[in-house]
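# Observations on chain architecture
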There are 2 protein chains.
Amino acid sequence: MDDGGGRVTRGKVTIRTVAEHAGVSVAAVSKVLRNAYGVSDALRQNVMESIETLGYRPSAAARGMRGRTFTVGILLVEIGNPFIPEVVEGINDILSPSEFKSLMGMGRSHMPVETSLIEQMIDFHMDGLILVAPRMSGAVLDRYARQIPIAVIGHHEATAAHFDTINSDDQRGAMLATEALIAAGHRDIVMLSQAYAPDSSHAVAGQREIGYRTAMQRAGLPGTVVALPYDGDSVPHHLRQFLEQNPRPRAVFCWSDLFAVDLVNIARSMGLRVPEDLAVIGYDNNPLAALPLVDLSSIDQAGRRLGALAAETLLSRMDGRNAPHHILLEPSLVRRTSG
Amino acid sequence: MDDGGGRVTRGKVTIRTVAEHAGVSVAAVSKVLRNAYGVSDALRQNVMESIETLGYRPSAAARGMRGRTFTVGILLVEIGNPFIPEVVEGINDILSPSEFKSLMGMGRSHMPVETSLIEQMIDFHMDGLILVAPRMSGAVLDRYARQIPIAVIGHHEATAAHFDTINSDDQRGAMLATEALIAAGHRDIVMLSQAYAPDSSHAVAGQREIGYRTAMQRAGLPGTVVALPYDGDSVPHHLRQFLEQNPRPRAVFCWSDLFAVDLVNIARSMGLRVPEDLAVIGYDNNPLAALPLVDLSSIDQAGRRLGALAAETLLSRMDGRNAPHHILLEPSLVRRTSG
DNA sequence: GGCATCGTGTGCACCGTTCTACGTAGAACG
DNA sequence: CGTTCTACGTAGAACGGTGCACACGATGCC
């Protein structure tokens with residue numbers, strides 16, 4: 001039957017349809033669905049068959065009103081960074097075999113968008129949230145964490161009481177990179193960082209700056225951090241300017257391959273030899289770093305594993321755990337020819 | 001108040017809370033929310049203030065049960081392709097100023113995942129769906145389209161009756177690329193395509209093959225299509241093999257920059273000069289094509305515009321339109337040095 | 001002045017689940 | 001043999017909104 005708008009309105013098979021078809025009560029069907037206590041094998045079998053033949057699917061919206069939706073929300077800063085898909089895959093590695101599904105929101109690196117997305121996910125009664133590199137402060141996160149279980153990736157907040165954090169040890173990674181450059185004999189090592197809001201010490205870029213400065217200090221070298229805005233198309237322009245300055249640094253530690261890949265590319269096209277004229281080490285070990293003409297040394301932070309751990313952590317929290325977990329993963333340096 | 005699980009249960013402000021606070025009926029508040037007919041300015045004002053001071057947000061789950069959720073679902077094949085974010089941005093360009101929000105699902109290039117995601121979005125009572133390059137057949141799409149308004153991007157199905165399609169003219173784009181290579185004097189032009197399922201004539205790769213073959217035929221040249229599987233890490237290996245064959249083609253039209261960027265990179269690292277020894281034109285004009293050492297000529301299909309058009313089309317369909325719209329955008333060749 | 005009309009607001013059934021309480025039959029127990 | 005358990009199934013009230021039918025006072029009209 002057609003309602004005139006082209007939509008099918010008949011056939012709408014609900015839990016009631018199933019109950020009638022199986023000759024049992026609605027409550028019984030519900031019990032089977034949630035595999036709750038108090039159903040005989042015979043009844044379960046019976047109901048399952050009805051569900052199968054009718055092609056019934058429970059309404060997530062209705063479930064959400066009283067119980068769980070079996071859905072976790074994933075909030076992504078942006079999806080331009082090739083590092084993100086890896087994390088998402090890691091999350092799905094864990095979620096797929098579970099009874100939970102995921103739905104994603106894109107924050108577009110913009111805090112009001114992010115908060116509105118989180119609220120939307122709460123309004124849909126999702127069971128838990130995984131936030132990837134959110135722009136907001138720990139205080140804001142804490143407020144949301146009172147309403148819904150939250151696990152955060154790429155946001156350093158090791159003392160947070162109400163949500164879990166899963167991070168690569170960004171300070172350590174930056175130290176690895178910087179120390180490698182120092183060991184190669186470089187002294188004028190500049191860090192190319194991302195400009196971030198003043199109140200965001202939790203940001204990964206900030207942590208990497210700390211690691212860089214620590215390593216430089218230990219070696220008795222002066223550290224210089226140049227922060228570039230990450231606003232899409234202007235990046236190549238800024239990188240070119242950076243390389244045209246005089247004197248130009250001989251070695252660069254780059255907060256992300258997002259910049260480093262372009263940097264190596266632009267440097268080479270300007271006739272600079274890498275690493276002889278310019279040594280570069282990046283961060284994230286993104287797929288492009290492995291391209292032959294790029295061949296960028298980079299810090300690998302095992303994005304897939306980060307995602308998987310976040311999913312597991314969230315699952316355990318949704319299961320009732322209350323004490324916060326704060327996980328820090330050891331990054332590693334992937335050596336290629338760039339530095 | 002804390003329920004012992006750390007969640008806040010008090011304070012839960014519902015439409016009833018608002019109604020009491022404003023001293024009106026629940027129905028009145030509902031009317032204001034939906035800005036339905038039959039509310040005086042005074043009442044609206046009054047209710048709005050209560051909503052504001054209480055920080056009330058309507059539950060999307062509850063709304064979905066009877067009315068709309070003001071949410072559209074976006075289904076993405078994968079997010080590894082840098083072309084996808086552009087499309088998403090285009091969608092958001094239109095959705096942000098509207099009253100609608102979006103939530104995304106990631107199909108992971110896997111049909112069962114995609115269908116389950118679509119069903120999940122239907123189960124959440126989303127108001128409409130935008131599918132980006134779905135793997136499923138038109139028949140399957142049609143079945144879902146009876147349950148929910150659908151607009152599809154990157155899926156050629158110009159005769160579909162129940163859903164809208166928004167595409168770049170992939171045949172035309174492939175012809176542009178091929179003709180450019182022919183005009184440059186090449187005769188042995190090979191197309192590097194993506195291996196796709198046999199029943200998917202709707203796939204963009206298939207359309208591009210048709211365009212390629214047509215252009216070659218018109219020029220009286222024999223066409224050769226080499227299809228490579230797109231399964232992540234094996235791509236560079238296959239490309240290298242492709243380049244090591246003897247005789248090697250002098251010119252290549254590549255179905256996607258996903259392959260073309262790697263191809264140019266590997267070719268150059270093998271000592272081949274581009275375009276002298278190997279001319280390459282790609283497809284998508286993705287951000288990496290513009291890198292100096294890549295400098296890849298590519299077909300631009302205006303992803304952002306595709307996304308925006310899809311959102312507009314969906315909006316108009318959700319608004320009651322019934323006749324299908326099938327939009328085809330004219331692609332353009334972005335000339336760089338590679339071919 | 002009686003009656004239809006209009007603009008506003010309310011009452012209530014309904015959407016599709018979950019969940020708490022309770023009924024009931026048979027087994028176990030003393 | 002009466003009583004307490006245990007296992008299974010059911011009834012019915014939530015959950016938080018929407019939307020229809022209707023009430024009610026003020027107007028307009030003949």
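Residues numbered from 1 in each chain as written. Chains lettered and ligands numbered in written order. Predicted model: local features only at pLDDT ≥ 70, side-chain atom pairs only at ≥ 80, totals over all residues. Heavy atoms only, no water.

## As for the packing of helix H10 (residues 235-244) of chain B against helix H11 (residues 257-269) of chain B
Residues and elements named next belong to chain B. The condition is simple: Axis angles are defined between N-to-C directions and span 0 to 180 degrees, where every axis is a line fitted to C-alpha atoms and, for a helix, only to the segment in contact. Secondary structure follows DSSP: runs of H or I at least 4 residues long count as helices, runs of E at least 2 residues long count as strands, and numbering of each begins at the N terminus. To sort the angles, those under 35 degrees are grouped as roughly parallel, those over 145 as roughly antiparallel, those from 65 to 115 as roughly perpendicular, and the leftovers as oblique. Helix crossings fall into two classes, left-handed where the near helix is turned counterclockwise from the far one by less than a right angle and right-handed where it is turned clockwise. Throughout, a contact is declared for two residues whenever any of their heavy atoms are within 4.5 Å. When residues are grouped by polarity, Ala, Val, Leu, Ile, Met, Phe, Trp, Tyr, Cys and Pro land in nonpolar, Asp, Glu, Lys and Arg in charged, and all others, Gly among them, in polar.
Relative to each other, H10 and H11 sit at 55 degrees, their axes nearing to 10 Å. Classified by the interaxial angle, the pair formed by H10 and H11 is oblique. Where H10 crosses over H11, the two elements pack in a sense that is right-handed. From H10, Val235, Pro236, Leu239, Arg240, Phe242 and Leu243 reach across to H11, where they touch Phe259, Asp262, Leu263, Ile266, Ala267 and Ser269. Class assignment of the residues belonging to the contact of H10 with H11 gives a composition of 9 nonpolar, 1 polar and 2 charged.

## Comments concerning the protein's contact with DNA strand D
We count it as follows: The rule for a residue being near a molecule or strand is that one of its heavy atoms must lie within 4 Å of it. N or O atoms closer than or at 3.5 Å make up a polar contact, with two conditions inside protein: a donor-capable atom paired with an acceptor-capable one, and, for residues adjacent in sequence, both atoms drawn from side chains.
Lining the immediate surroundings of DNA strand D are 29 residues, of which Ser25(A), Ser40(A), Ile15(B), Ser30(B) and Arg34(B) lie closest. Among the atoms of DNA strand D lying within 4 Å of the protein, the sugar-phosphate backbone contributes 66%. Between Lys31(A) and DNA strand D, the recorded distance is 3.2 Å, taken from a side-chain N or O atom to a base nitrogen. In this structure, a sugar or linking oxygen belonging to DNA strand D sits 2.8 Å away from a side-chain N or O atom of Tyr56(B). Broken down by secondary-structure element, the contributors of at least two residues to the surface near DNA strand D are helix H2 (26-33) and helix H4 (60-66) of chain A together with helix H1 (15-22), helix H2 (26-33) and helix H4 (60-66) of chain B. Ranked by the residues each element gives to the surface near DNA strand D, the list is headed by H4(B), at 4 residues.

## Quick word on the protein's contact with DNA strand C
Inspection of the region around DNA strand C gives 29 residues, with Ile15(A), Arg16(A), Ser30(A), Arg66(A) and Ser40(B) positioned closest. Put simply, 65% of the atoms of DNA strand C that lie within 4 Å of the protein are in sugar or phosphate. In this structure, a phosphate oxygen belonging to DNA strand C sits 3.2 Å away from a main-chain N or O atom of Ser59(A). Mapped onto the surface near DNA strand C, the elements with two or more residues apiece are helix H1 (15-22), H2 and H4 of chain A together with H2 and H4 of chain B. By residue number, the principal contributor to the surface near DNA strand C is H4(A), which donates 4 residues.

## Side note on the sheet that holds strand S6 (residues 189-194) of chain B
All names here are of chain B. Note the following rule: Strands were regarded as paired on the criterion that DSSP finds at least two bridges between them.
A sheet is described by the order of its strands in space; here 6 strands give the open sequence S7-S6-S8-S9-S10-S12, paired in mixed fashion. Each end of this open sheet is capped by a strand with a single partner; those strands are strand S7 (224-228) and strand S12 (332-334). Recorded for the sheet is a direction-independent mean angle of 25 degrees between the axes of neighbouring strands. Of the pairings in the sheet, the one linking strand S10 (residues 297-300) to S12 comprises 3 bridges and is antiparallel in character. Across the sheet, Ile299 pairs through a bridge with Leu333, a residue of S12. The strands touched by helix H8 (residues 170-183) within the sheet are S6, strand S8 (251-254), strand S9 (279-283), S10 and S12, with S9 carrying the most contacts at an inclination of about 165 degrees. Each of S6, S7, S8 and S9 is contacted by helix H9 (residues 204-218), which is oriented at about 170 degrees to S6, the strand it contacts most.

## Thoughts on the pairing of S8(B)
All names here are of chain B. Using the following cut-off: When accessible area is computed with a 1.4 Å probe and restricted to protein chains, residues below 20% of their type maximum are described as buried, those above 50% as exposed, and intermediate ones as partly exposed.
What you see with S8 is no split at all: Ala251 and Phe253 on one side and Val252 and Cys254 on the other are buried throughout. Here S6 pairs with S8 via 4 bridges, running parallel. Residue pairing for S8: Met191 is matched across the bridge by Phe253. Bridge count between S8 and S9: 3 bridges; the pairing is parallel. Bridging across to S9, Phe253 finds its partner in Ile281.

## A few points about H1(A)
Residues and elements named next belong to chain A. Heads up, the rule is: What the arc measures is the spread of directions leading from the helix axis to the C-beta atoms.
Listed in full, the buried residues belonging to H1 are Ile15, Val18, Ala19 and Ala22. Buried residues in H1, looked at end-on, bunch into an arc of 100 degrees, giving them a common side. Turned more than 90 degrees from where H1 packs its buried face, Arg16 and Glu20 sit exposed. Next to the buried residues of H1 lie H2 and helix H3 (41-54). Where H1 ends, the next residue or the one after it, Gly23, has phi of about 70 degrees, a positive value.

## Considering the confidence of the model for chain A
Residues and elements named next belong to chain A. Selection rule: pLDDT is a per-residue confidence score from the predictor, ranging from 0 to 100.
For chain A, mean pLDDT is 92; residues scoring 70 or higher make up 96% of the total. The element-level mean pLDDT for chain A is lowest in helix H10 (residues 235-244), coming to 92, with strand S4 (residues 150-153) highest at 98. Taken together, the stretch residues 1-9 has pLDDT below 50 and engages in 17 contacts with residues farther than four places along the chain or on a different chain.

## Brief notes about the domain arrangement of chain A
In plain terms, the rule: An automatic or database domain assignment is the source of the domain bounds shown.
For chain A, the domain assignment lists domain 1 (15-58), domain 2 (71-168 + 303-330) and domain 3 (170-300). One C-alpha centre belongs to domain 1 of chain A, the other to domain 3 of chain A; they are set 59 Å apart.

## Description of the packing of H2(A) against H3(A)
All names here are of chain A. Relative orientation of the contacting elements H2 and H3 amounts to 90 degrees, with a least axis distance of 10 Å. Between H2 and H3, the interaxial angle falls into the category roughly perpendicular. The segment H2 lies against H3, with Ala28, Val29, Val32 and Leu33 engaging Leu43, Arg44, Val47, Met48 and Ile51. Residue composition of the contact of H2 with H3, grouped by class: 8 nonpolar, no polar and 1 charged.

## Considerations on the packing of aromatic side chains
Selection criterion: A pair of aromatic rings is counted whenever rings of Phe, Tyr or Trp (Trp by its six-membered ring) have centres within 6.5 Å, and the orientation is called stacked for planes under 30 degrees apart, edge-to-face for over 60 and tilted otherwise. When the NZ atom of lysine or the CZ atom of arginine is within 6 Å of a ring's centre and also within 35 degrees of its normal, the charge is said to sit over that ring.
The final tally for this structure, using the stated rule, is 10 aromatic pairs over all chains. Pairing Phe124(A) with Phe124(B) gives two aromatic rings, centres 5.4 Å apart and planes at 85 degrees, and the pair type is edge-to-face. Taken as a pair, Phe124(A) in the loop between helix H6 (111-123) and strand S3 (128-132) and Phe124(B) in the loop between helix H6 (111-123) and strand S3 (128-132) lie in two separate chains rather than in one. Of the two residues examined, Phe124(A) and Phe124(B), each falls in the buried class. On the numbers, 6.5 Å between centres and 25 degrees between planes, the contact of Tyr212(B) with Phe253(B) is stacked. Here Tyr212(B) is found in helix H9, whereas its partner Phe253(B) is found in strand S8, with 41 residues between them in sequence. Under the relative-accessibility criterion, Tyr212(B) is labelled buried at 0%. Ring pairing ties together the aromatic residues Tyr230(A), Trp255(A) and Phe259(A), which thus form one cluster. Over the face of the ring belonging to Tyr283(B) we find Arg208(B), whose NZ or CZ atom lies 3.7 Å from the ring centre.

## Quick notes on the interface of chain B and chain A
Selection rule: The term buried area denotes the loss of accessible surface (1.4 Å probe radius) that occurs when two parts are joined, taken as the sum for both partners. Just to be clear on terms, a salt bridge is a Lys or Arg side-chain nitrogen sitting within 4 Å of an Asp or Glu carboxyl oxygen.
The interface of chain B with chain A comprises 58 residues on the first partner and 57 residues on the second. Roughly 4,900 Å² of surface becomes buried between chain B and chain A when both sides are summed, with 61% attributable to carbon and sulfur atoms. For the interface between chain B and chain A, the tally reads 4 salt bridges. The closest approach of N and O atoms between Glu119(B) and Arg57(A), which form a salt bridge, is 3.7 Å. On inspection of chain B and its partner chain A, the count reaches 15 residue pairs in polar contact (both at pLDDT 80 or more). Broken down by class, the residue content of the side of chain B that touches chain A amounts to 27 nonpolar, 18 polar and 13 charged.

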